[in-house]
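# Residue-level structural notes
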Amino acid sequence: RSSYGLWGAGGLRYSSVGCGELLFDAMLLERIRAAGVLVSQICLIDADFQEPTPPVRQALREFADWQRATALMSREDPAEILVFGHVQDYIDASSLGGRAAGCHICVHLETLAADDRSQSSCSAECRSLGAKALVAGGILAHLGSDSVAAWRRRAQAARPS
């Protein structure tokens, strides 16, 4: 059933920065699975996960339960889910040989207040995250409140350190 692409037989490794209550990620992952792609790892990065409130804990629990149920219904192993409260913690874990290394798709969700237009659609910080966390050929999608941008990591022989 699984479709191999950039991710190979080991499955797709997905990360989401600024994921909030996870509804967008749940819907996107369902579409990815519907295309026949095995999802092997999901990394969730949001400042709300530093000290999660009861509603945030509930959202994480329900998201994990849904991911397990979906995998079991498809007769696949459930995806490993890693949660980070700081982007730097994720970057550290995604370094070569790290537990979160080898990301294929990174989604950066950003909502700005109506009066805050100071950030560009895919800032240098956002691209830096992509350069550090993505495999060669991996995709970073930035979804802002009024903008969308995508960036693909160029194929290289070795990852930058």
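Below or above, wherever it landed, is the structure these notes cover. Computed from a predicted model, the values in this text were never measured in an experiment.

Attention shifts here to the overall build of the chain. Within the chain, the regular secondary structure consists of four helices and six strands. Partitioning the intrachain contacts of the chain with sequence separation of at least 6 by distance along the chain shows that 68% fall at a separation of at least 24.

Here we take up the nonpolar core. Counting 18 residues, the largest nonpolar core has Ile-42 and Leu-44 as its most contacted members. Looking at this core, the elements that each hand over two or more residues are strand 1 (12–17), helix 1 (23–34), strand 2 (39–45), helix 2 (54–73) and strand 4 (103–109). Counting residues in hydrophobic clusters, the runner-up holds 16 residues, among them Cys-43, Phe-84, Cys-106 and Leu-134.

Between its first and last C-alpha, helix 2 extends 28 Å over 20 residues, near the 28 Å set by a 1.5 Å rise per residue. Looking at helix 2, one finds that the buried residues are Val-56, Ala-59, Leu-60, Phe-63, Ala-64, Gln-67, Thr-70 and Ala-71. Taken down its axis, helix 2 places every buried residue within 130 degrees of arc, on the same side. Those residues of helix 2 that are exposed and angled more than 90 degrees off the buried face are Pro-54, Pro-55, Arg-61, Leu-72 and Met-73. Buried residues along helix 2 sit in contact with helix 1, strand 2 and strand 3 (80–84). Arg-75 lies just past helix 2 and shows a positive phi near 60 degrees.

Right, let's get into the environment of Ala-9. By secondary structure assignment, the location of Ala-9 is in the segment before strand 1. The class for Ala-9 is exposed, based on a relative accessible area of 54%. Taking the C-alpha atoms as reference points, Ala-9 and Val-37, separated by 28 residues in sequence, lie 9.7 Å from one another.

With phi around 75 degrees, Leu-22 is a residue other than glycine that occupies positive phi space. Phi at Arg-75 takes a positive value of approximately 60 degrees, unusual for a residue other than glycine. Residue position: Arg-75 is located in the loop between helix 2 and strand 3.

Take helix 1 next. End to end, helix 1 covers 17 Å across 12 residues, agreeing with the expected 16 Å (1.5 Å per residue, within 8%). Within the sequence span of helix 1, burial applies to Asp-25, Ala-26, Leu-29, Ile-32 and Arg-33. For helix 1, the angular spread of the buried residues around the axis is 125 degrees, confining them to a single face. Away from its buried face by more than 90 degrees, helix 1 exposes Leu-23, Arg-31 and Ala-34. Against strand 1, strand 2, helix 2 and strand 4 lie the buried residues of helix 1. Of the residues one or two after helix 1, Gly-36 is the one with positive phi, at around 90 degrees.

Rules used throughout
- Residues numbered from 1 in each chain as written.
- Predicted model: local features only at pLDDT ≥ 70, side-chain atom pairs only at ≥ 80, totals over all residues.
- Heavy atoms only, no water.
- Helix = DSSP H or I, 4+ residues; strand = E, 2+ residues; numbered from the N terminus.
- Contact = heavy atoms within 4.5 Å.
- Core = buried A, V, L, I, M, F, W, Y, C linked by side-chain atoms within 4.5 Å.
- Buried < 20%, exposed > 50% of the residue type's maximum accessible area, 1.4 Å probe, protein only.
- Expected span 1.5 Å × (residues − 1).
- Arc of directions from axis to C-beta.

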